[in-house]
Amino acid sequence: MDEEVSRWLDQAEHDLKSSRNNLMNGDYYVASLLCQQAVEKGLKALYLKKFKKVKKIHNLVILAKDLGLPTNLVDKCDKLNPIYIDTRYPDASGDVPYKRYNKEKSEHDVKLSEDILKWIKKNI
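Just so you know, these numbers come straight off a predicted model, no measurement behind them.

Participant: Mind showing me how you'd approach the packing of helix 2 (residues 28-51) against helix 3 (residues 60-67) here?
Facilitator: Packed helix pairs are characterised by how far apart their axes lie and by the angle those axes make with each other. Relative orientation of the contacting elements helix 2 and helix 3 amounts to 30 degrees, with a least axis distance of 10 Å. Comparing the axis directions of helix 2 and helix 3 gives the class roughly parallel. Crossing handedness for the pair helix 2 and helix 3: left-handed. Listed contacts from helix 3 to Q36, V39, E40, L43, K44, L46, Y47, K50 and F51 of helix 2 are L60, L63, A64, D66 and L67. Counted by class, the contact of helix 2 with helix 3 contains nine nonpolar, one polar and four charged residues.

Participant: Looking at this model, I keep getting lost on the packing of aromatic side chains. Mind explaining?
Facilitator: For any pair of aromatic rings, the description rests on two quantities: the centre-to-centre distance and the angle between the ring planes. If you walk through the whole model with that rule in mind, you get one aromatic pair. Ring centres 4.5 Å apart and planes at 50 degrees place the aromatic pair Y47 and F51 in the tilted group. Taken together, the residues span about one helical turn, with Y47 and F51 both in helix 2 at a distance of four residues. It is R88 that lies over the ring of Y84; its NZ or CZ is 4.4 Å from the centre.

Participant: I would appreciate a short explanation of the packing of helix 3 against helix 4 (residues 71-80) in the present structure.
Facilitator: Between helix 3 and helix 4, the least distance of the axes is 8 Å, while the angle of their chain directions is 165 degrees. Accordingly, the angle class assigned to the pair helix 3 and helix 4 is roughly antiparallel. Crossing of helix 3 against helix 4: the hand is right-handed. Contact with helix 3, carried on its side by L60, V61, A64 and K65, involves V74, C77, D78 and L80 of helix 4 and no other residues of that element. Residue composition of the contact of helix 3 with helix 4, by class: six nonpolar, no polar and two charged.

Quick notes on the rules
- Residues numbered from 1 in each chain as written.
- Predicted model: local features only at pLDDT ≥ 70, side-chain atom pairs only at ≥ 80, totals over all residues.
- Heavy atoms only, no water.
- Axes fitted to C-alpha atoms, helices over the stretch in contact; angles between N-to-C directions.
- Helix = DSSP H or I, 4+ residues; strand = E, 2+ residues; numbered from the N terminus.
- Parallel < 35°, antiparallel > 145°, perpendicular 65-115°, else oblique.
- Left-handed = near helix turned anticlockwise from the far one by under 90°.
- Contact = heavy atoms within 4.5 Å.
- Nonpolar A, V, L, I, M, F, W, Y, C, P; charged D, E, K, R; others polar.
- Phe/Tyr/Trp six-rings, centres within 6.5 Å; stacked < 30°, edge-to-face > 60°.
- Lys NZ or Arg CZ within 6 Å of the ring centre and 35° of its normal.

Structure below.
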């Protein structure tokens, strides 16, 4: 595996690990943000492998479609996609981010991320 691809994938896996740690600590919005970040970096690793460049966007759905992910995984990306904005800005959804996330939501986000990253790792 190319060294740069490996770095992107390594960081994606570490983001997912950090997501689980934040989930255990009750920092749910951070856990969910790291899920989105893990998938974004995993998709960029695969994009780099396939196209020899990194696409500089944060939209998981566009990346997933460009890469030809199966529809069920594109749908999972669509569920994670809004997290990038929602967890970072207090005015994104009417309340501060840390109040909008709970254990169940973040556990679901971790599961979605695990599924997507598992597929990515098989296809790199």
